[in-house]
Amino acid sequence: MWKVYGSRVSYYTGKLEAYLRYKGIPYQSLPTPYGESRMLVEKVGAVQMPIVERDDGRWMSDTTPILLQLERERPEPAILPGDQVVGFMARLIEDYGDEWLWRPAMHYRWSYAYDRLLISNILVDEVGGFSKAPRWLKRRRIAHRQFTNFVMKDGVNDATRVHVDATYLAALDAMSAMLANRPFLLGDAPSLADFGMMGPMFRHFGPDPTPAEIMRNRAPLVFE
Ligand SMILES: N[C@@H](CCC(=O)N[C@@H](CS)C(=O)NCC(=O)O)C(=O)O
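Conventions used here
Residues numbered from 1 in each chain as written. Predicted model: local features only at pLDDT ≥ 70, side-chain atom pairs only at ≥ 80, totals over all residues. Heavy atoms only, no water. Helix = DSSP H or I, 4+ residues; strand = E, 2+ residues; numbered from the N terminus. Buried < 20%, exposed > 50% of the residue type's maximum accessible area, 1.4 Å probe, protein only. Contact = heavy atoms within 4.5 Å. Lys, Arg positive; Asp, Glu negative; His and termini not counted. Charge placed at Lys NZ, Arg CZ, Asp CG, Glu CD. Patch = residues over 30% accessible without salt bridge, like charges linked within 9 Å, V, L, I, M, F, W, Y side chains within 5 Å. Areas by Shrake-Rupley, 256 points an atom, 1.4 Å probe, with all protein chains shown as cover. Salt bridge = Lys/Arg side-chain N within 4 Å of Asp/Glu carboxyl O. Pairing = 2+ DSSP bridges. Axes fitted to C-alpha atoms, helices over the stretch in contact; angles between N-to-C directions. Near = heavy atom within 4 Å. Polar contact = N/O pair within 3.5 Å; in protein donor to acceptor, adjacent residues only side chain to side chain. Nonpolar A, V, L, I, M, F, W, Y, C, P; charged D, E, K, R; others polar. UniProt positions renumbered as here; feature names shortened; annotations may be inferred. Left-handed = near helix turned anticlockwise from the far one by under 90°.

The name given to the protein in an unreviewed UniProt entry is Glutathione S-transferase N-terminal domain-containing protein, with Altererythrobacter litoralis as the source organism.

Printed below as a string of structure tokens:
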């Protein structure tokens, strides 16, 4: 059984887990071993989520090359469309999910009080284990770290917040249009595009209370 080090609320861990389940690759979810950072850097070059330890002794990180490598090793069912134009769209939408929706996803999770309370309560058990501080303090530190690093330093401020909110709404509207007459974004079967959207939609906007309510009301096809 492969080991997937990450978090049950992490964007890229959610994307990878969706792919592994679709491919029928059994895995065990484990928290990122932050105490063994040096070993992780030796194995994969960086401490980030997710990291995969395979049963053949190989290690992998970074979900886009992981998915492309696994497509070569286990081609069926394929997630790369055969048509070149549709294949380009799949890669483009995956990149959009990976790189562009990250900002609104972190903003909705860490800017809104109820979302921040919920997710810091989960993360404290997954990444706070090595510290002896009381639980309430660990939660506050996690929320502060996430907000500072991934919201403020990523450019979300009074001048940009309306635009960042609208980025999420635009994604919901575009996906709703695509899903109006097909079960997956690019056809009858999931493609790289759908897996790219699992990070933002399945692991952040779908479960986090504030964006989840918007998704249920505005984009039920995306929620489904
Ligand atoms: N391109 C990488 C991105 C991985 C990534 O940035 N993961 C986030 C969490 S979902 C992370 O580990 N952040 C570092 C941290 O929070 O300490 C991938 O696709 O796997």
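The rest of the description comes next.
Draft legend 1. Region of interest: the overall build of the protein. Helix and strand counts for the protein stand at 11 helices and 4 strands. Based on the C-alpha atoms only, the size of the protein along its principal axes is roughly 55 × 45 × 25 Å. Burial statistics for the protein: of 224 residues in total, 46% are counted as buried. Put simply, 67% of the contacts in the protein that link residues at least 6 apart link residues at least 24 apart. Charged side chains in the protein number 28 positive and 27 negative. The centres of these two groups are separated by 8 Å.

Draft legend 2. Just a nonpolar patch on the surface, in detail. Judged by side-chain polarity, Val85, Phe88, Met89 and Leu92 come together as a nonpolar surface patch covering roughly 390 Å² of accessible area. Within the fold, Phe88 resides in helix α4 (residues 84–100).

Draft legend 3. Summary view of the pairing of strand β2 (residues 27–31). Pairing of strand β1 (residues 2–6) with β2 involves 5 bridges; the strand directions are parallel. Of the residues in β2, the one forming a bridge with Gly6 is Pro31.

Draft legend 4. Fine view of the sheet that holds β2. Strands sit in the order β2-β1-β3-β4 across an open sheet of 4 strands; the sheet is mixed. Edge positions in the open sheet fall to β2 and β4 (59–61), since each of these has one partner strand only. Each strand of the sheet is rotated relative to its neighbour by a mean of 25°, with strand direction disregarded. Strand direction decides the pairing type here: strand β3 (residues 51–53) and β4, joined by 3 bridges, are antiparallel.

Draft legend 5. Up close: the site of the ligand. Around the ligand sit Ser10, Tyr11, Tyr12, Tyr34, Gln48, Met49, Pro50, Asp62, Thr63, Arg145 and Phe150, and that is every residue in its neighbourhood. Here an oxygen atom of the ligand sits 2.6 Å away from a polar atom, N or O, in the side chain of Arg145. Contact with the protein chains hides 80% of the accessible area of the ligand, taken as 510 Å² for the molecule alone. The residue inventory of the shell around the ligand, partitioned by class, reads 6 nonpolar, 3 polar and 2 charged.

Draft legend 6. Inspection of the UniProt feature "domain: GST N-terminal" (unreviewed entry) in the protein at higher detail. Cross-referencing UniProt, the feature "domain: GST N-terminal" (unreviewed entry) maps to residues 5–77 in the present numbering. In this annotation, residues 5–77 is assigned 44% helix and 18% strand; the end-to-end C-alpha distance for the span is 25 Å.

Draft legend 7. A look at the packing of helix α8 (residues 161–179) against helix α10 (residues 209–218). Here α8 crosses α10 at 35°, and the two axes come no closer than 11 Å. Considering only the axes of α8 and α10, their crossing is right-handed. Contact with α8, carried on its side by Tyr168, Leu169, Leu172 and Asp173, involves Pro211, Ile214, Met215 and Arg218 of α10 and no other residues of that element. Tallied by class, the residues present in the contact of α8 with α10 amount to 6 nonpolar, no polar and 2 charged.

Draft legend 8. Here's a closer look at the pattern of salt bridges. Under the defined criterion, the tally for this structure stands at 14 salt bridges. For the salt bridge of Asp98 with Lys15, the shortest nitrogen-to-oxygen distance reads 3.0 Å. Separated by 83 residues along the polypeptide, Asp98 in helix α4 and Lys15 in helix α1 (residues 11–23) bring together distant segments of the chain. Asp98 sits in the buried class, given a relative accessible area of 3%. Classification of Lys15 by relative accessible area gives buried; the value is 1%. A salt bridge links Arg21 to Glu17, with the nearest nitrogen and oxygen atoms 3.2 Å apart. With Arg21 and Glu17 both in helix α1 and 4 residues apart, this pair spans about one turn of that helix. Owing to a relative accessible area of 48%, Arg21 belongs among the partly exposed residues under this scheme. Through salt bridges that share partners, Arg54, Asp56, Arg58 and Glu73 make up one connected network.

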